Amino acid sequence: MKASRTAFRKVWDKAFVSIVLLLSILSIVPLFLIFFHIFKEGFSSITPGFFVNLPKPVGEPGGGIANALVGSGLLVLVACILALPVGIAVGVFLAEARTNLFSTSVRLSMEVLQGMPSIVIGIIAYLWVVKPMGTFSALSGSVALAIMMLPVIVRTTEETLRLVPRSLKEVSLALGAPYYLTVLRVVLPAGISGIVTGILISVARIAGETAPLLFTAFGNPFMNTNLLKPVNSLPLIIFNYAISPYDDWHALAWGASFVLIVLVLALNLLSKVISHRFRVEF
Amino acid sequence: MTESQARLETKIKTTSLNFYYGAVQALFDVSIDVPAGQVTALIGPSGCGKSTYLRTLNRMNDIIDGTRVEGQVLIDGKNIYSHDTDVVLLRKRIGMVFQKSTPFPKSIFDNIAFGPRIHGVRKRAELNDIVERSLKRSALWDEVKDRMNENAMGLSGGQQQRLCIARALAVDPEILLMDEPASALDPRSTAKVEDLIAELRGSYTIVIVTHNMQQASRVSDYTAFFFEGRIIEFDTTQVIFTHPEEKQTEDYITGRFG
């Protein structure tokens, strides 16, 4: 009786481990399927011309995504210019401020903002920027993306700065450094790798956002670098081509998806490298 | 108070100082006169308030949430807790060396130059001068003069602590507060730091917290014995270590408790 129970327990133990392993393997399957599929469908579109040409009308071969690449770059760059100073400042504030009603409200607001559906942020940017300006524009798209970046930058900045030892700050203050110089010259440099990592992660996150751009940046079949005019972007070009009825355009959408995924992957890997290689030791 | 003490000028005068961490009182009615240009040691068992007292002298406790001070700390006759005190200027006059050596993750040069730069020294020649002088004062110059651009985190523990002392000296303070500066060091490094304190004596008013009785007796001119947030006895080191008035002091020094 006892022997059989032991045997049963051993079998059950093995089975349990197998189930956990199996489910773990299953969880990475979707990612590989996505990579495989996009690679298979998209890689054939990737030619040198794909990166430098503009989209071409249906039936004409050799269209590219140059305008979407430039547009995405522009949107992300301006979003960074808008979001970084604010995000880092709020992160510093949350890391340094005493716990009171105001700091708690700010932290809570950032958490809520992080959970805000991206389409809602798009609508807000439409109301705030597109309507008053009277036109869709790259700027309005960047505003929407900046709002999406903000909570990520705030959170990573705060978390990083909280790891900076208090002793380091005390040394600086004890030398007669005013508080703001202590933050600028001691606290921020000590946490810089974490902050840069946060920026890269947030860029990777917004680079693939479509919803906030639908009625802000809007999309544009031509090359545009004017902030006040509509601009194309990688997610928008994928969206517009994928819902079109033409096979040529589907192929372009796959190619653009491939490029987007490689870019996002590269950003994520880069952020890992930075957070490991350039961490300041205490 | 002994006669010799009465003759010396008082640098830091503390009168009925009470200190609270939230609802917990850490210092009770602390009153001592720290003489100028001398080394004053603060001794007592862990948690007796000696570090807390040290940190009230440059208002370092200000940055801890929920702390409160009652009473007065007069430096050169001026209450540092009065409303018109500029804490930044105050801390420039009072150097502090912490228990754990805490170099900035920067080069040796930039560590020493940090304070002077903060206080507006821009010229390279002047900075070079200050850095060299400070490192010589802290007896570190010969060991690091050829590696000024290396990261200070690469120095040994004893060197790091002397670097921290040099960094504090670089802003030309009048007072040097030391919170167990040698407790994490090996005996040779400890001896070097103690030699250094002996050399700085006279030029600076030094207040040092230490757990090490021998160290207190070796380096200090005056000793205050703290117990449970109160000053039990304050006198010349010689008196405290040879014939203290209080039974508690004697028990602590001879190792019967604490």
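Relevant structure appears above.
Now for a look at the structure at hand. (Residues numbered from 1 in each chain as written. Chains lettered and ligands numbered in written order. Predicted model: local features only at pLDDT ≥ 70, side-chain atom pairs only at ≥ 80, totals over all residues. Heavy atoms only, no water.)

1. Quick notes on the overall build of chain A
Next, step 1: The helix and strand inventory of chain A stands at twelve helices and zero strands.
Next, step 2: The dimensions of chain A, computed from C-alpha atoms along their principal axes, are 75 × 65 × 35 Å.
Next, step 3: Expressed as a percentage of its 282 residues, the buried residues of chain A come to 43%.
Next, step 4: Taking contacts inside chain A between residues at least 6 apart in sequence as the whole, the part at least 24 apart equals 74%.
Next, step 5: Of the charged side chains in chain A, 20 are positive and 12 negative; the average position of the first set lies 10 Å away from that of the second. (Helix = DSSP H or I, 4+ residues; strand = E, 2+ residues; numbered from the N terminus. Buried < 20%, exposed > 50% of the residue type's maximum accessible area, 1.4 Å probe, protein only. Contact = heavy atoms within 4.5 Å. Lys, Arg positive; Asp, Glu negative; His and termini not counted. Charge placed at Lys NZ, Arg CZ, Asp CG, Glu CD.)

2. Thoughts on the sheet that holds strand β4 (residues 67–75) of chain B
Hydrogen bonds between backbone groups are what pair the strands of a sheet, and the pairing can be parallel or antiparallel.
Residue and element names in this part refer to chain B.
Next, step 1: In space, the four strands of this open sheet follow the order β2-β1-β4-β5, with antiparallel pairing throughout. Single-partner strands in this sheet number two, and they are β2 (24–35) and β5 (78–79).
Next, step 2: Of the pairings in the sheet, the one linking strand β1 (residues 10–21) to β4 comprises eight bridges and is antiparallel in character. In the strand pairing of β4, Y20 is matched with R68. (Pairing = 2+ DSSP bridges.)

3. Here we look at the side chain of T52 of chain B
Residue and element names in this part refer to chain B.
Next, step 1: Tracing the sequence through the fold places T52 in helix α2 (residues 50–56).
Next, step 2: Judged by relative accessible area, T52 falls into the buried class, the value being 10%.
Next, step 3: Discounting chain neighbours no more than four positions away, the residues touching T52 are F19, Y21, A26, L27 and N61.

4. Side note on the interface of chain A and chain B
Next, step 1: Facing 20 residues of chain A, the contacting portion of chain B comprises 28 residues.
Next, step 2: Approximately 2,000 Å² of surface area, both sides summed, lies buried where chain A meets chain B, with 67% of it carried by carbon and sulfur atoms.
Next, step 3: In this structure, the connection of chain A to chain B is made through two salt bridges.
Next, step 4: The closest approach of N and O atoms between R55 of chain B and E170 of chain A, which form a salt bridge, is 2.8 Å.
Next, step 5: In this assembly, chain A and chain B are joined by five residue pairs in polar contact (both at pLDDT 80 or more).
Next, step 6: Where the side of chain A that touches chain B is concerned, the elements lending two or more residues are α7 (166–174) and α8 (179–190) of chain A.
Next, step 7: Top contributing element to the side of chain A that touches chain B by residue count: α7 of chain A, with eight residues.
Next, step 8: Here the side of chain A that touches chain B is composed, by residue class, of eleven nonpolar, four polar and five charged. (Buried area = accessible area lost by both parts, 1.4 Å probe. Salt bridge = Lys/Arg side-chain N within 4 Å of Asp/Glu carboxyl O. Polar contact = N/O pair within 3.5 Å; in protein donor to acceptor, adjacent residues only side chain to side chain. Nonpolar A, V, L, I, M, F, W, Y, C, P; charged D, E, K, R; others polar.)

5. Regarding the nonpolar core
Next, step 1: By size, the foremost hydrophobic cluster in this structure holds 88 residues, and its most contacted members are Y53 and F226 of chain B.
Next, step 2: Considering each element in turn, this core owes the most residues, twelve residues, to helix α6 (residues 138–163) of chain A.
Next, step 3: Discounting chain neighbours no more than four positions away, the residues touching Y53 of chain B are T14, L17, L27, V30, I32, V34, L42 and F226 of chain B.
Next, step 4: Membership of the second largest hydrophobic core comes to 26 residues, among which are A168, L169, L196 and M213 of chain B. (Core = buried A, V, L, I, M, F, W, Y, C linked by side-chain atoms within 4.5 Å.)

6. Regarding unusual backbone geometry
Next, step 1: The phi dihedral of F218 of chain A is positive, around 75°, even though this residue is not glycine.
Next, step 2: As for its placement among the helices and strands, F218 of chain A is situated in the loop between α10 (211–214) and α11 (234–242).
Next, step 3: Judged by its relative accessible area of 42%, F218 of chain A falls in the partly exposed class.
Next, step 4: Within the chain, E228 of chain B stands out as a residue other than glycine whose phi angle is a positive 50°.
Next, step 5: Counting through the fold element by element, E228 of chain B comes out in the loop between β9 (222–227) and β10 (230–236).

7. What to know about the pairing of β9 of chain B
Residue and element names in this part refer to chain B.
Next, step 1: Buried residues dominate β9, accounting for six of its six residues.
Next, step 2: In β9, alternate side chains face the same way, and those of Y222, A224 and F226 on one face and T223, F225 and F227 on the other are all buried.
Next, step 3: As defined by bridge partners, strand β3 (residues 39–43) adjoins β9 across four bridges and the pair is classed as parallel. Pairing of I43 across the sheet is with F225, part of β9.
Next, step 4: Bridge analysis of β9 against β10 gives six bridges, and the strand direction is antiparallel. Across the sheet, the residue bridging to Y222 is T236, located in β10.
Next, step 5: Once β9 ends, the chain turns through two residues before running back antiparallel as β10, passing E228 with a positive phi of about 50°.

8. What to know about the pattern of salt bridges
Residues and elements named next belong to chain B.
Next, step 1: Under the criterion given, the structure shown has 24 salt bridges over all chains.
Next, step 2: With a closest N to O distance of 2.6 Å, E132 and K136 form a salt bridge. One end of the pair is E132 and the other is K136, both in helix α5 (residues 124–137) and four residues apart, which spans about a single turn.
Next, step 3: With a relative accessible area of 46%, K136 lands in the partly exposed category.
Next, step 4: K247 serves as the salt-bridge partner of D251, at 3.0 Å between the closest nitrogen and oxygen. Within this pair, D251 and its partner K247 are both found in helix α11 (residues 247–253), separated by four residues, close to a single helical turn.
Next, step 5: For K247, a relative accessible area of 55% puts it in the exposed group.
Next, step 6: One network of salt bridges, in which partners are shared, links K11, D76, R93 and E174.

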